[in-house]
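Observations on the three-dimensional arrangement
These are the residues of each chain, in order.
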Amino acid sequence: YANMVSNVTFLTNVPVKKEGGRLEIFGDGFAEGDRVEMIASQDHNSIYYPTCSLDNGTLMLTMPDNLVDGSYLLVLSRDGVKQELGTVNLSLKASLHTTNVIAHRGYWNTPGASQNSRASLQKAIDLGIYGSECDVWLTTDGVLMVNHDPSFSGTTIQTSTSSTCKALTLGNGESMPTLEDLLKILKASAGNTKLIIEIKSHSSTTNTKKAAKAAVDLVKKYGLQDRVEYIAFSWDACTYIMTLDATAKVAYLNGDKTPQEVKNAGLTGIDYEIAKMTANPGWFDAAHNLGLGVNVWTLRNYNDIIDMINCGADYLTTDMPVDAIRYKRHYDINQ
């Protein structure tokens, strides 16, 4: 076997469309005219020959219509010389669902960023993904600060002033941002990435609703209603936001309401933890039949990403946005 290409990677354990399904093979050194043999792992006499095309250095395989579910050794063939590329497990589906990717607390798992930072939002925008999630707390002087936990470095945000919170330093050296800081970044961006604002549950329902109103007012101030969505564990906050902006997209997080209850309340989606959706698989179709969107959080491994797309999740909130984008592309090219 020759060494014609290097750094070869491809997705495995994924479905492909039954007719015209496609699989991308990434690597260095692919050339026009390259062909691939798919040798069945269970029966080496069963060999399939996908159609191959080259796109910006990536080899695209279009599966033959007679392909069946199974494991296949991929062998590159060029001018009579061959090279093993690896083994792929594929399942054939009549149709595949597609999805959208949301970076959990922004794209923070990369150099120069940290969770809920300005950099994590900008890096998520640079990825061109559907959304970047953030968490907000209201200070005693009415400013929305961005942080996941109620406290940071010993400072409880909802019982502190904004000046105290702005003096706190994140792991990447930034000062703690305000929601307004993130909205300014969003406003200046040319892409379509949305900011997914989680209204954190405050010390009282009254304060939670104050935070929700402050967020909606700020979004309206910047004219970003079409670039922002809202989520909350607080049922009261979700339903209150709909009274403040009837056009807003609002999804409930807590997982204790059926899709029908969410629809009856006028919300636009469910946004439930993966364990909740796994325990209630019928909620995917139920939500879709009601016109609700389905988001699942927080995905941190490849199997969960594949499983949730296969189940019908419209959105994936993940700490692995780059990997999720790659899976999304696979499902997109198999439409």
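Everything below is about the structure printed above this text.
Here the structure is a predicted model, which is why all the values come from computation and not from measurement. (Residues numbered from 1 in each chain as written. Predicted model: local features only at pLDDT ≥ 70, side-chain atom pairs only at ≥ 80, totals over all residues. Heavy atoms only, no water.)

**Some remarks on the pattern of salt bridges**
The criterion, for reference: When a carboxyl oxygen of Asp or Glu lies within 4 Å of a side-chain nitrogen of Lys or Arg, that pair is called a salt bridge. Only runs of H or I of at least four residues qualify as helices and only runs of E of at least two qualify as strands under DSSP, and these elements are numbered from the N terminus. Burial classes: relative accessible area under 20% of the type maximum marks a residue as buried, over 50% as exposed, and values in between as partly exposed (1.4 Å probe, protein chains only).
Throughout the structure, instances matching the rule amount to twelve salt bridges. The partner of arginine 78 in a salt bridge is aspartate 34, and the shortest N-O contact between them spans 2.6 Å. Taken together, the residues arginine 78 in strand 8 (residues 70-78) and aspartate 34 in the loop between strand 3 (22-28) and strand 4 (35-40) connect sequence positions 44 residues apart. Here lysine 249 makes a salt bridge to glutamate 229, at a shortest N to O gap of 3.6 Å. With lysine 249 in the loop between helix 5 (235-244) and strand 17 (250-252) and glutamate 229 in strand 16 (residues 228-232), this pair connects stretches of sequence that are 20 residues apart. By relative accessible area, which is 32% here, lysine 249 ends up partly exposed. Among the residues examined, glutamate 229 registers a relative accessible area of 9% and is labelled buried. Linked by salt bridges that have partners in common, Arg118, Glu174 and Asp181 make up one network.

**A few points about the environment of aspartate 314**
Among the secondary structure elements, aspartate 314 is positioned in the loop between helix 9 (302-311) and strand 20 (315-318). The class of aspartate 314 is buried, set by a relative accessible area of 17%. Sequence-wise, aspartate 314 and serine 189 are 125 residues apart; in three dimensions their C-alpha atoms are separated by 24 Å.

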